[in-house]
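Spelled out, the chains give:
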Amino acid sequence: MSQLRIAEIFGPTIQGEGALIGEPTIFVRTGGCDYRCAWCDSLHAVDTAFRHTWAAMTTDAVWAEITRLSTGKPLTISLSGGNPAIQDFTQLIALGHANGYRFACETQGSISKPWFADLDTLVLSPKPPSSGETVDWSAFDACLVAAQSAGDKAGRIVMKIVIFDDRDYDWARQVAEKYPALPLYLQPGNLEVDPTVAVDPQVLADKLLWLVEKVMADCWFAPKVLPQLHVLLWGNKRGV
């Protein structure tokens, strides 16, 4: 059985963003990431300073926790992080599928894995300029190739971009032109990432309105604009 480095497993709750927003989900959050985004809201699953809090778990142990939390009733399992692409989820996905569960994964597209082809939904989330990271588009393309090897399933591979400012917005438009076949989801970013600080719902609403108005003013009708629903409901509470 594969050995997995897990920061936390939690749920069921609802997916708070992207193509599966509102869908009942259990999250398997891995430890470790090859990025260090300036506004990262899950440093406990990214920074090696938190390595001592990550659990080394077998696939069987992860599966046992999933079935305990879901009471054995199939739902969507979201593989997140950190960057879940660092690890090998081949066995977990096969085990879950055999029992009627569905699998989604969100990754920045910096590392490709063969098990991408086994996912029900792959969310590629390239990080905009405000993150401080630079996207390697050849690596991103390799992720697309890995996922597409399963065949063409409409909506199975989607792209999500978080927008913090005008520069991010302009960058997102360029990326959308580069990948016109990928369904695109935009959402405003949340700059307050400290879990001890309360989130102001009005600030989030204002950012969402700003993004909606920009998209409409440009007659850019291809993307779907969504809030970060989990932040609106639970603020910066860790584990949501």
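These numbers were taken from a predicted model, which means no experiment stands behind them. (Residues numbered from 1 in each chain as written. Predicted model: local features only at pLDDT ≥ 70, side-chain atom pairs only at ≥ 80, totals over all residues. Heavy atoms only, no water.)

**A closer look at the pattern of salt bridges**
Stated precisely, the cut-off is as follows: Whenever Lys or Arg places a side-chain nitrogen within 4 Å of a carboxyl oxygen from Asp or Glu, that contact is recorded as a salt bridge. Strands here are runs of E lasting at least two residues and helices are runs of H or I lasting at least four, both read from the DSSP assignment and numbered beginning at the N terminus. Burial classification: accessible surface area is computed with a 1.4 Å probe over protein chains only, and a residue below 20% of its type maximum counts as buried, one above 50% as exposed, and the rest as partly exposed.
Under the criterion given, the structure shown has 7 salt bridges. Glu23 is paired through a salt bridge with Arg102; the nearest N and O atoms lie 3.8 Å apart. Note that Glu23 is positioned in the loop between strand 1 (3–14) and strand 2 (24–30) and Arg102 in strand 5 (residues 102–107), a separation of 79 residues in sequence. By relative accessible area, which is 22% here, Glu23 ends up partly exposed. A salt bridge links Asp166 to Lys214; its shortest N-O distance comes to 3.2 Å.

**A closer look at the confidence of the model for the chain**
For clarity, the cut-off: Here pLDDT means the predictor's own confidence in every residue, given as a number from 0 to 100. Residue contacts are counted whenever heavy atoms from the two residues lie within 4.5 Å of one another.
Scored by pLDDT, the chain comes out at a mean of 89, with 88% of its residues at no less than 70. Across the chain, element-level confidence peaks in helix 4 (residues 166–178) with a mean pLDDT of 98 and bottoms out in helix 6 (residues 229–234) with 62. For residues 236–240, every residue scores under 50 in pLDDT, and the model assigns this stretch 15 contacts once sequence neighbours within four places are set aside.

**Regarding the side chain of Gln87**
Within the fold, Gln87 resides in the loop between strand 4 (76–80) and helix 2 (90–98). Among residues more than four places away in sequence, those in contact with Gln87 are Gln3, Leu4, Arg5, Thr30, Gly31, Lys113 and Trp115.

**Here's the deal with the environment of Leu226**
Along the chain, the position of Leu226 falls in the loop between strand 9 (224–225) and helix 6. The sequence separation of Leu226 and Ala19 amounts to 207 residues, and the corresponding C-alpha distance is 9.2 Å.

**What to know about the environment of Pro114**
Position of Pro114 relative to the elements: it lies in the loop between strand 5 and strand 6 (121–124). Exposure remark for Pro114: the relative accessible area of 68% places this residue in the exposed category. The sequence separation of Pro114 and Phe89 amounts to 25 residues, and the corresponding C-alpha distance is 9.7 Å.

**Considering the packing of helix 1 (residues 59–70) against helix 2**
Spelled out, the test is: Lines fitted to C-alpha atoms define the axes, with helix axes restricted to the stretch in contact, and inter-axis angles between N-to-C directions lie between 0 and 180 degrees. Roughly parallel refers to an angle under 35 degrees, roughly antiparallel to one over 145, roughly perpendicular to one between 65 and 115, and oblique to any angle outside these ranges. Should the near helix be turned anticlockwise from the far one by less than a right angle, the crossing is termed left-handed; should it be turned clockwise, right-handed. Under the scheme applied here, ten amino acids are nonpolar (Ala, Val, Leu, Ile, Met, Phe, Trp, Tyr, Cys and Pro), four are charged (Asp, Glu, Lys and Arg), and all others, including Gly, are polar.
One can describe the packing of helix 1 onto helix 2 by two numbers: an axis separation of 9 Å at closest approach and a directional angle of 40°. By the angle class used here, helix 1 and helix 2 are oblique. Handedness of the crossing formed by helix 1 with helix 2: right-handed. Contacts from Thr59, Asp60, Val62, Trp63 and Ile66 in helix 1 reach Gln91, Leu92, Leu95 and Gly96 in helix 2. Its residues assigned to classes, the contact of helix 1 with helix 2 shows 5 nonpolar, 3 polar and 1 charged.

**Concerning helix 4**
Quick reminder: α-helices carry 3.6 residues per turn. Residues three or four places apart thus point the same way. The criterion, for reference: Each helix should span, by expectation, one fewer than its residue count multiplied by 1.5 Å. In this description, one arc is meant: the one made by directions from the helix axis to the C-beta atoms. Within 3.5 Å is the distance limit for a polar contact, defined as a pair of N or O atoms, with the added protein rule that one can donate a hydrogen and the other accept it, and that residues adjacent in sequence qualify only through two side-chain atoms.
Between its terminal C-alpha atoms helix 4 stretches 19 Å, which fits the 18 Å expected from 13 residues at 1.5 Å a residue. Every buried residue of helix 4 is accounted for by Asp168, Tyr169, Trp171, Ala172, Val175 and Ala176. Mapping the buried residues of helix 4 onto a view down its axis gives an arc of 165°, with all of them on the same face. Residues Arg167, Gln174 and Glu177 are exposed on helix 4 and point more than 90 degrees away from its buried face. On its buried face, helix 4 sits against helix 3 (137–148), strand 7 (157–163), strand 8 (184–188) and helix 5 (201–217). Measuring from the side-chain oxygen of the N-cap residue of helix 4 to the backbone nitrogen of Arg167 gives 3.2 Å; that N-cap residue is Asp165.

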